[in-house]
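Single-letter residue listing:
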Amino acid sequence: MSSFKSTLTSTGATLHALRSLTLNGLFFPYFSAQAPNVERLEINACVELPSLEMLHSIFREFPQLRTLIIRDVEQIAFDDSDIDTARQNSLEGASDAELARLYPSTNLRALAISLRHLEMGAFLYLPKIMSNLEYVEIANPREIFVTALDVTENQNSAVYQCHGLRNLKKLRLFLANNSVWNEASFIISLPQGIDLEIDHPPLGSRITVMDILNSKKFRSITIILAEESLSSVFLVCKAFSQCVLAVKPTLGCPTTLILPANETVEPRAIDVLGAYLTVKGSRESVLANGLIDHGLIDDFEEDDYGYDDQREDQWDYDSYLEYDGLYLDHWHDGSESD
């Protein structure tokens, strides 16, 4: 690291041909080479939310930047500084001219960020300094250390900020924490008239996913279902089919289901969803990959998702289907009783 740093700083290197750059989050402040034509920047292993100072540095050093990927933002401890960060990022009282001078993000079109804690996602600056964003991707691997109070108050803050992005065309979500999807206002926080892509919705998202399918506010919807081996965590084909048969959503826009290899959705569910539905196989999942890779197996080890979690999900799902008049004694085994 020191050798690389001295090479780029002492010689005043100018990397005119460089278009894509990936840096470790701790090393980013020390990168001082001139790379004026970088269009894609990845910053890995960040220990805190990107501050306005950091964003100012990014936009100053990389004026041609079109894609910004900030991966694995994980703060070590929760404290009052989280509140201070959110307050500093509010940009209250800043004029449009001042924002344009400090954060000239006119070229930025795509932002992808991976957050370990969604309640840290107070991106109150997004609509103001990244107004030209056309694509936003938010990933949130399952996190068991978030308290119930934190989740209730702030769980959707990262998603809410996308509502003010007037040029947004596509929003991709990998939100693997079940509790995030339980918020009744979740669907309201999603921007209107966009292409919405949901990658591996968790088991606890099933009711909200049905509400999304029922909504008329999106231009298109894509849902990537998980393979059966992850049935205790994610929404799989069988559970999705049973939800559709229970709720009978009416699709309001072109909707695509991308299925794992050798798995299918029940034909009766496909009939319910109707002509707006397109079903694609696992080959399409490669094309549907986002900018952020997420290790599904690593993020959902036995320690993170134990027997009690599975029992809770099972109870919630059985109760939901019973309430809607479709009680399944052993839905995970495929045996039904009316």
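Described in the following lines is the structure provided in the data block. The written sequence of each chain sets the order in which its residues are numbered from 1. In keeping with the predicted nature of the model, local features appear solely for residues at pLDDT of at least 70, side-chain atom pairs appear and are counted solely at 80 or more, and the whole-chain, interface and lining totals rest on all residues. The side-chain quantities take in all heavy atoms of the structure and omit both hydrogens and water.

Most of strand 5 (residues 135–140) sits out of view: six of its six residues are buried. Bridging between strand 4 (residues 110–115) and strand 5 involves five bridges; their strand directions are parallel. Bridge pairing in strand 5 links Ala110 to Tyr135. One requirement defines pairing of two strands: DSSP has to find at least two bridges between them. Helix numbering and strand numbering both begin at the N terminus, where a helix is a DSSP run of H or I of at least 4 residues and a strand a DSSP run of E of at least 2. In this structure, strand 5 lies alongside strand 6 (residues 170–175), joined through six bridges in parallel fashion. For Asn140, the partnering residue across the bridge sits in strand 6 and is Leu175. Categorising residues by exposure relies on relative accessible area from a 1.4 Å probe, with only protein chains included: less than 20% of the type maximum marks a residue as buried, more than 50% marks it as exposed, and the intermediate range marks it as partly exposed.

Our next topic: the packing of helix 8 (residues 206–214) against helix 9 (residues 237–247). Packing of helix 8 against helix 9 leaves a shortest axis separation of 10 Å and a crossing angle of 60 degrees. As summarised for this structure, helix 8 and helix 9 are arranged oblique, according to the angle between their axes. Note on packing geometry: the crossing formed by helix 8 with helix 9 is right-handed. Contacts from Arg206, Val209, Met210, Leu213 and Asn214 of helix 8 reach helix 9 at Phe240, Cys243, Val244 and Val247. A breakdown of the residues in the contact of helix 8 with helix 9 according to their chemical character gives seven nonpolar, one polar and one charged. Helix axes are fitted to C-alpha atoms over the stretch in contact, other axes to C-alpha atoms as well, and angles between N-to-C directions run from 0 to 180 degrees. An angle below 35 degrees is read as roughly parallel, one above 145 as roughly antiparallel, one from 65 to 115 as roughly perpendicular, and any other as oblique. Two helices cross in a left-handed way if the nearer one is turned anticlockwise from the farther one by less than a right angle. They cross in a right-handed way if the turn is clockwise. Two residues form a contact once any of their heavy atoms are found within 4.5 Å. Each residue gets one label: Ala, Val, Leu, Ile, Met, Phe, Trp, Tyr, Cys and Pro are nonpolar, Asp, Glu, Lys and Arg are charged, and the others, such as Gly, are polar.

Bridge count between strand 9 (residues 255–258) and strand 10 (residues 277–280): four bridges; the pairing is parallel. Opposite Thr256, over in strand 10, you have Thr278 as the bridge partner. By the criterion used throughout, a crossover qualifies as right-handed when its path from the first strand across the helix to the second strand runs clockwise, the strands pointing away from the viewer. Handedness of the crossover joining strand 9 and strand 10 through helix 10 (residues 267–273) is recorded here as right-handed.

With that out of the way, let us pick up helix 9. Counting buried positions along helix 9 yields nine of eleven residues, so the element is predominantly enclosed. Within helix 9, burial applies to Cys237, Ala239, Phe240, Ser241, Gln242, Cys243, Val244, Leu245 and Ala246. Phi turns positive, to about 55 degrees, at Lys248, one or two residues after helix 9.

This part takes up the nonpolar core. Remark: nonpolar core denotes a set of buried residues (Ala, Val, Leu, Ile, Met, Phe, Trp, Tyr, Cys) joined through side-chain atoms within 4.5 Å. Ranked by internal contacts, the top residues of the largest apolar core, which has 86 residues, are Leu55, Ile58, Phe62, Ile212 and Phe240. For Ile212, the contacting residues outside a window of four places in its chain are Trp181, Phe186, Ile187, Leu190, Leu196, Ile198, Phe218 and Ile221.

What follows concerns the environment of Tyr160. Its location among the elements puts Tyr160 in helix 7 (residues 157–160). Classification of Tyr160 by relative accessible area gives partly exposed; the value is 35%. Remark: the alpha-carbon pair of Tyr160 and Leu190, spanning 30 residues in sequence, is separated by 6.9 Å. Those residues in contact with Tyr160, other than ones at most four positions away along the chain, are Ser185 and Ser189.

Moving on to the side chain of Ser189. Considering the arrangement of structural elements, one finds Ser189 in the loop between strand 6 and strand 7 (195–199). In protein, a polar contact means a hydrogen-donor-capable atom and an acceptor-capable atom, both N or O and within 3.5 Å, with residues adjacent in sequence counting only if both atoms are side-chain atoms; elsewhere, any N or O pair within 3.5 Å suffices. A polar side-chain atom of Ser189 sits 2.5 Å from the main-chain carbonyl oxygen of Phe186. Not counting the four nearest positions on each side in its chain, Ser189 is found in contact with Val159, Tyr160 and His163.

It is worth spelling out the pattern of salt bridges at this point. Counted as salt bridges are all cases of a side-chain nitrogen of Lys or Arg within 4 Å of a carboxyl oxygen of Asp or Glu. This structure, assessed with the given rule, holds eleven salt bridges. Residues Arg172 and Glu137 are paired through a salt bridge, measuring 4.0 Å at the closest nitrogen-oxygen approach. Remark: Glu137 occurs in strand 5 and Arg172 occurs in strand 6; sequence separation between them is 35 residues. Here Arg172 matches Glu137 in class, with each residue buried.

Let us now look at the sheet that holds strand 9. Across the sheet, ten strands lie side by side as 1-2-3-4-5-6-7-8-9-10; this open sheet has parallel pairing. Edge strands, defined here as strands with exactly one partner in the open sheet, are strand 1 (20–24) and strand 10. Adjacent strand axes in the sheet meet at a mean angle of 10 degrees, parallel and antiparallel pairs treated alike. For strand 3 (residues 67–73) and strand 4, the ladder comprises five bridges, and the chain directions are parallel. What sits directly across from Val73, in strand 4, is Leu115.

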